[in-house]
Amino acid sequence: MKHYTRLVIALSVLLGIAGIFVLYLSWPLLTGKTIILDTMPVDPFDILRGQYIIINYQISNIPSVEGAKQGDSVYVILKEDEDKIWRHQEVSLSAPKNAVFIKGTIRSIYGSSMRVEYGIEQFFFERNAQFPQNDLTVEAKLSSSGQARVVQLLHQGKPINITYKKVELTS
Amino acid sequence: MLTGKKGASFGTIVAVFGSILIALGIAWLIAQNWHQLPSAVKIVILLVVTSAAYTSGTIFRVKGHQGTGKSLLILGALLYTLSIFLIAQIFSTSTSFQGTAWLLLLAWIGVIAAAYLFDSSASLVIALFEFIIWLVIQFIAFMEAKDDMISPGILAFYFLTAGILLYGLSLFHRSKGYKFARVYQWWTAFYFLLFTYILTFQTLLPLMWPKEAASASNSLVFLLFFGIAASASILIGLVKAVSNKSVQNKEIFAFIAVVVLLGVIIGLTSFVSEDNGDMLSWFLGGRGEVSTALWAMWIFVNITFILAILGIIFYGTWQKLPKIINLGVIFFGLDVITRYVGFIMDLWGYTSLSVIFITGGIVLLAGGYFIEKWRRNLITKTEPAKKTK
């Protein structure tokens, strides 16, 4: 009986860690506001997690703000344009009130502009995925604290059609 | 107490292969249909498979099939780690080094908790292996955040601190008579030997504290907290072990001497540091004259490494721990091979290669024979004591 009690405790710990992790990752998706962001993607491969694209957003390179330094958190206020794309409007070092904003980290500062990462710079596929490489936008969800999660990739404003090249066994 | 046979029998090995095959089969099945499954289903599959491995492992152990149970617990630890990475994939989390470091942190914390709850040394080994990788990836993440080079000397201090932390845990477990003490003892020895071995390369010594390295505030704050944890571990471990006499004073003094010596070596390498601009050419062999200070440093580190190996072997013999003796002998063999390859590279073009190869071959053959003979003798010395227990 002692062993089964330990099993229950161990599974509670492991599933608890995994569950909290899933909840943390899901929170913006469950509660957040939907935004569409413009992109400039490239596609590498991660040995642990497979094929993915690195997404370079238009809001990745924005004008610097006074007093900002590498590693700082920044809050980028977004505004929707007539094409329904959310674009950078203003940057602040503190969380703004009554505005749609996304939270990022300054990776580098070059003169009057800076490079910011938002944690949504990658999107994973299974191997041999084929999809259009241009005219891509990203549908994301934003939590009230500015945390973002990718929902899906869009091609010409519609959910992207991913096809998978058939794998032929050679041995 | 659990009952049943210990050790890896043929049946156990077959069971391990069976577990791995089942895991691979499930992984392949999921991989083939991964994009067709909703995210929630993917997560449920991963967690159910992990739970199934742990549950079946426990059932087998209770029924007395220790080997099969052990292999399933190993499988559970691996599947849990895999689940963390696949959940991260499902949510497209950051692929940066910091993102990977967070995943490894979740992985080793879960696996170490399971190791204690299931009383599984094999799971603890997996957790400690993930811990090392996490430590290195976290250091690289600090460099990534700075977008610049941080002195690798700080990473060396991470390893030294990890060694202290593990030794503290080993003492604490010894005072309680708990079997994990042996695992921590082995890993402490492994950390110190690996760490000193890396320092024995002349090419690496000037890179430890590059003159134009970036300020390393984040990595130093991490080292500070890590140091506090290690200090707490060693203090608690020492108090417990000394109070119930499970450690002798000379072992503690020897440990302190090793830590101080290694700390001094890391610090001394700052006297042979290079400019950032020269580092790449230095590493690629485009360096000019080797300074006297660097030669002296290199000889000092190599003598220390040999002494560390002999010290570990002596410790293994004294404590009657064949695994520690084997570890010391493996590092001795590694040192011989490394220095031999180093001499070939240094003397390339100056001396007839055939002479170097023949001489080296004879040295390695004879060395291999005598090292193996030496190892067997040392192991034999530990055996009579075992039988009397």
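Provided above is the structure to which this section pertains.
Residues numbered from 1 in each chain as written. Chains lettered and ligands numbered in written order. Predicted model: local features only at pLDDT ≥ 70, side-chain atom pairs only at ≥ 80, totals over all residues. Heavy atoms only, no water.

For chain B, the count of helices and strands is 13 helices and zero strands. Reading chain B from its N end, one meets helices and strands in the order α-α-α-α-α-α-α-α-α-α-α-α-α. Buried residues in chain B amount to 47% of all 389 residues. A separation of at least 24 residues holds for 77% of the contacts in chain B among residues at least 6 apart in sequence. Carbon and sulfur atoms make up 73% of the accessible area of chain B, which totals about 19,500 Å². (Helix = DSSP H or I, 4+ residues; strand = E, 2+ residues; numbered from the N terminus. Buried < 20%, exposed > 50% of the residue type's maximum accessible area, 1.4 Å probe, protein only. Contact = heavy atoms within 4.5 Å. Areas by Shrake-Rupley, 256 points an atom, 1.4 Å probe, with all protein chains shown as cover.)

If you tally the helices and strands in chain A, you get one helix and 14 strands. Across the 171 residues in chain A, those meeting the buried criterion constitute 42%. When contacts within chain A are restricted to residue pairs at least 6 apart in sequence, those whose partners lie at least 24 apart make up 63%. Surface exposure of chain A reaches about 9,700 Å², of which carbon and sulfur atoms provide 53%.

This part covers helix H8 (residues 217-243) of chain B. Residues and elements named next belong to chain B. Here H8 spans 39 Å end to end across 27 residues, near enough to the 39 Å set by a 1.5 Å rise per residue. Listing the buried residues of H8 in full gives Ser219, Phe222, Leu223, Phe226, Gly227, Ala230, Ser233, Ile234, Gly237 and Ala241. Close packing links the buried residues of H8 with helix H5 (121-146), helix H6 (152-176) and helix H9 (249-268). (Expected span 1.5 Å × (residues − 1).)

Turning our attention to the packing of helix H1 (residues 2-31) of chain A against helix H3 (residues 66-90) of chain B. Put simply, H1(A) and H3(B) touch, their axes get as near as 11 Å, and they point 5 degrees apart. Classified by the angle their axes make, H1(A) and H3(B) are roughly parallel. Contacts between H1(A) and H3(B) involve A:Leu14, A:Ile17, A:Ala18, A:Phe21, A:Val22 and A:Leu25 on the former and, on the latter, B:Tyr80, B:Ile84, B:Ile87 and B:Ala88. Across the contact of H1(A) with H3(B), the residue classes tally to 10 nonpolar, no polar and no charged. (Axes fitted to C-alpha atoms, helices over the stretch in contact; angles between N-to-C directions. Parallel < 35°, antiparallel > 145°, perpendicular 65-115°, else oblique. Nonpolar A, V, L, I, M, F, W, Y, C, P; charged D, E, K, R; others polar.)

Now for the interface of chain B and chain A. Across the boundary between the two partners, chain B contributes 38 residues, which contact 30 residues of chain A. Here chain B meets chain A over a buried area of about 3,300 Å², counting both sides, of which 70% is carbon and sulfur. On the chain B side of the contact with chain A, B:Phe91, B:Thr95 and B:Leu117 bury the most area, a combined 20% of that side's loss. Summed over the shared surface of chain B and chain A, the result is zero salt bridges. (Buried area = accessible area lost by both parts, 1.4 Å probe. Salt bridge = Lys/Arg side-chain N within 4 Å of Asp/Glu carboxyl O.)

With that settled, consider the packing of aromatic side chains. Summed over all chains, the structure comprises 29 aromatic pairs over all chains. Seen in terms of ring centroids, B:Tyr158 and B:Phe222 are 5.0 Å apart; in terms of plane orientation they differ by 50 degrees. Their pairing is tilted. Here B:Tyr158 is found in helix H6, whereas its partner B:Phe222 is found in helix H8, with 64 residues between them in sequence. One aromatic cluster is present, formed by B:Trp108, B:Phe131, B:Trp134, B:Phe139, B:Phe142, B:Tyr158, B:Phe222 and B:Phe226 through successive ring pairs. In this arrangement the basic side chain of A:Arg149 is found over the ring face of A:Tyr24, its NZ or CZ atom lying 5.4 Å from the centre. (Phe/Tyr/Trp six-rings, centres within 6.5 Å; stacked < 30°, edge-to-face > 60°. Lys NZ or Arg CZ within 6 Å of the ring centre and 35° of its normal.)

What follows is about the pairing of strand S12 (residues 148-155) of chain A. Remember that side chains alternate between the two faces of the sheet whenever the strand is regular. All names here are of chain A. With seven bridges connecting them, strand S11 (residues 136-142) and S12 associate as antiparallel partners. The residue bridging Ala140 from the neighbouring strand is Val150, located in S12. The turn joining S11 and S12, which pair antiparallel and follow one another in sequence, is formed by five residues; a positive phi near 95 degrees is taken by Gly146. In terms of strand pairing, S12 meets strand S13 (residues 158-159) through two bridges, oriented antiparallel. By the bridge assignment for S13, His155 is matched with Lys158. Where S12 folds back on S13, the antiparallel hairpin that results is connected by two residues, among which Gln156 adopts a positive phi of roughly 50 degrees. (Pairing = 2+ DSSP bridges.)

Looking now at the sheet that holds strand S4 (residues 61-63) of chain A. Residue and element names in this part refer to chain A. Taken in spatial order, the five strands line up as S4-S8-S7-S5-S6 in an open sheet, and their pairing is antiparallel. Each edge of the open sheet is held by one strand with a lone partner, namely S4 and strand S6 (86-92). For this sheet the average axis-to-axis angle between neighbouring strands, irrespective of direction, equals 50 degrees. Two elements, S4 and strand S8 (residues 113-117), share three bridges in a ladder whose sense is antiparallel. Each bridged residue has a counterpart across the sheet, and for Asn61 the counterpart in S8 is Arg115.

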